[in-house]
Amino acid sequence: MLSKVLTGTTLGIDAYLVEVEVDISRGLPSFSTVGLPDNAVKESKDRVKSAVKNSGYAFPAKRITVNLAPAHIKKEGTTFDLPVAIGILKAEGIITGETLADYLILGELSLDGRIKPVKGALSVAVAAKSLNKKLILPKYNCEEAALVEGVEVVGVDTLPELVEFLNGNLTIDTCRVDLSGYFHASSSGHIDISDVKGQEHVKRALEVSAAGGHNILMIGPPGSGKTMLAMRVPTILPDMTLEEAIETTKVHSVAGTLSPGVPLVTERPFRSPHHTISDAGLIGGGRVPRPGEVSLAHNGVLFLDELPEFRKNVLEVLRQPMEDGRVVISRAAVSLTYPSEFMLVGAMNPCPCGFLGDGHKECVCTPMQVAQYRAKISGPLLDRIDIHCDVPAVRFKELAGQSAAESSNDVKKRVNAARAAQAQRYRESGIFSNSRLTSKLVKSYCAISAESSRLMETAVDKLGLSARAYTRILKVARTIADLDASDAIKTRHISEAIQYRTLDRQPS
Ligand SMILES: Nc1ncnc2c1ncn2[C@@H]1O[C@H](COP(=O)(O)OP(=O)(O)O)[C@@H](O)[C@H]1O
Ligand SMILES: [Mg+2]
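Residues numbered from 1 in each chain as written. Chains lettered and ligands numbered in written order. Predicted model: local features only at pLDDT ≥ 70, side-chain atom pairs only at ≥ 80, totals over all residues. Heavy atoms only, no water.

Trainee: Quick question: what am I supposed to make of the overall build of the protein chain here?
Mentor: From N to C terminus, the protein chain includes 21 helices and 18 strands. For the protein chain, the residues scored as buried account for 51% of the 508 residues in total. A separation of at least 24 residues holds for 73% of the contacts in the protein chain among residues at least 6 apart in sequence. When the accessible surface of the protein chain is totalled, it reaches about 22,700 Å², and 51% of it is carbon and sulfur. (Helix = DSSP H or I, 4+ residues; strand = E, 2+ residues; numbered from the N terminus. Buried < 20%, exposed > 50% of the residue type's maximum accessible area, 1.4 Å probe, protein only. Contact = heavy atoms within 4.5 Å. Areas by Shrake-Rupley, 256 points an atom, 1.4 Å probe, with all protein chains shown as cover.)

Trainee: What's the story with the domain arrangement of the protein chain in this structure? I'm lost.
Mentor: For the protein chain, the assigned domains are domain 1 (2-166), domain 2 (188-429) and domain 3 (437-508). Contacts between the two partners involve 30 residues from domain 2 and, on the opposite side, 21 residues from domain 3. Carbon and sulfur atoms supply 58% of the area that domain 2 and domain 3 bury against each other, a total of about 2,200 Å² over both sides. Together, Asp386, His388 and Arg425 form the three largest contributors to the area buried by domain 2 at its contact with domain 3, with a combined 27%. (Domains from an automatic or database assignment. Buried area = accessible area lost by both parts, 1.4 Å probe.)

Trainee: Can you walk me through the environment of leucine 483 in this structure?
Mentor: Note that leucine 483 resides in helix α20 (residues 467-483). Taking the C-alpha atoms as reference, leucine 483 lies 15 Å from histidine 201; in sequence the two are 282 residues apart. Those residues in contact with leucine 483 that lie beyond four places of it in its chain are Arg204, Glu207, Val208, Ala211, Arg414, Val415 and Ala418.

Trainee: In this structure, what is going on with the site of ligand 1? I would like to understand it.
Mentor: In the vicinity of ligand 1, 14 residues are found, and the nearest of them are Lys197, Gly223, Lys226, Thr227 and Met228. A distance of 2.8 Å is found between a nitrogen atom of ligand 1 and a backbone nitrogen or oxygen belonging to lysine 197. For ligand 1, the accessible surface in isolation is 560 Å², of which the surrounding protein chains cover 66%. The biggest single contributor to the shell around ligand 1 is helix α8 (residues 226-231), with three residues. Residue composition of the shell around ligand 1, grouped by class: six nonpolar, five polar and three charged. (Near = heavy atom within 4 Å. Polar contact = N/O pair within 3.5 Å; in protein donor to acceptor, adjacent residues only side chain to side chain. Nonpolar A, V, L, I, M, F, W, Y, C, P; charged D, E, K, R; others polar.)

Trainee: Quick question: what am I supposed to make of the pattern of salt bridges here?
Mentor: Pairing of side chains with opposite charge becomes possible as their charged atoms draw close. Across all of its chains, the model carries 24 salt bridges by this definition. Between arginine 271 and glutamate 293 there is a salt bridge; the shortest N-O distance is 2.7 Å. Highlighted residues: arginine 271 in strand β11 (residues 270-271) and glutamate 293 in helix α11 (residues 293-296), separated in sequence by 22 residues. Put simply, arginine 436 and glutamate 341 hold a salt bridge, and the shortest N to O gap is 3.2 Å. Highlighted residues: arginine 436 in the loop between α17 (408-425) and α18 (439-445) and glutamate 341 in the loop between β16 (335-339) and β17 (343-348), separated in sequence by 95 residues. Residue arginine 436 is classed as partly exposed on the basis of its relative accessible area of 25%. One connected set of salt bridges, linked through shared partners, spans Arg204, Glu207, Glu406, Arg414 and Glu496. (Salt bridge = Lys/Arg side-chain N within 4 Å of Asp/Glu carboxyl O.)

Trainee: What is the right way to look at the pairing of strand β14 (residues 301-304) in this model?
Mentor: In summary, the side chains of a regular strand alternate between the two faces of the sheet. Every second residue of β14 is oriented toward a common face, with Val301 and Phe303 on one face and Leu302 and Leu304 on the other, all of them buried. Pairing of β11 with β14 involves two bridges; the strand directions are parallel. Bridge pairing links arginine 271 to leucine 302 in β14. Taken together, the four bridges between β14 and β17 define a ladder with parallel strand orientation. Within β17, the residue paired with phenylalanine 303 across the bridge is valine 345. (Pairing = 2+ DSSP bridges.)

In structure tokens:
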């Protein structure tokens, strides 16, 4: 007997349809899987066999051949257990219902027949919708899949439960989620920018970064609050749209990093990988491909603390994802794409000892050591960081007696307004923030007056700013003008933007 069950598997963050064909014929008992399965899929045989037996069904002592089509794409992971088991039970005549073809089925089986969580459920649900199919999957992943509107999602806990359901002996309610509920439940706000005392100019720089989507590098001695500030950047970024939330959730669903009970990621991610991270850990890949930190930070913040401590080649591989907003990983047969639109927040000490320019503690580094330390950040990466900001140690007095600082929500309101102005201006340019302005677009959108031009010239001459700093300054000035609700870039916007180029100057 031959049977066919439909399932889906992920490639990057998108899912595609896989047909599981099961053929059972007379002959010496055997069980083989064809169609480019990986090891996890091959091991699936033992789980399927045990799960079927332990659920009280006879496992056929015949020749079983499972074909996974299309054959040219490698199948990875454990989600084929359930469709294979269902295929066998169908071919054996234990499943008699006629509704099987309406569903995409996926799930991992445990030996006793329980159905265990899978990765990538949200992506498969999107595929099910486009194929006009319903979806059966582990109960655990139910809510995550039900986020996709218009797909009927059935969650199951055990193999016998599913058999009874397919035979029409058991009804299971389709899973529903109320999206608005999740959005209101979020913005919990346990951390807030007002936790940081003083440092008004750093908060301002972060606000400008958030408003224009600019990457930022904070430079300051240990203990000055860089990490604390960076962690609060997501709280001043605009609230996520549903589309962004779904895109980000897809990545975390595929990576298996969704928190239990939180099917939708509604808060912007904050990822801070340690400086010992590998290339694959940062940008994705590996034997069984997985999204890297740049993708887990999609629509959020990637924080690289102690930037010069990262290995140089690791920082170099960051370039492409920063440029393209996505990562492409090439495999033998296919290439996978993971999105990676993130805001980079970097932090570093001003010099190896950390106290250059501190005013309280003496720096013990030679100019040579300082130069070498800074040279560790490659030019091309530095080139993609629009804003540099000094973070001096705050005085004890400032920490102790401070009037109430502005809350993240207050800052966010201004950021939202500036983003709205950009969305309006760039609605036909294919970009959405000032940080994405190309040199051509800079020419059309960042015109400056003669007075501002002179200021720029002076800055370039006197402060020894590099030529590449010029475009960065214009983009940032554009954002500052947007925060100021000003169509024109004025001289005061330019002069503020010039201050954000610390590293272009000679170390003092
Ligand atoms: N401006 C500040 N306001 C409140 N607390 C601060 C401030 N700066 C530093 N701190 C305190 O000092 C600790 C160390 O700050 P941290 O962010 O780790 O510094 P850095 O990353 O620059 O070494 C923080 O956890 C916080 O308790
Ligand atoms: Mg720190």
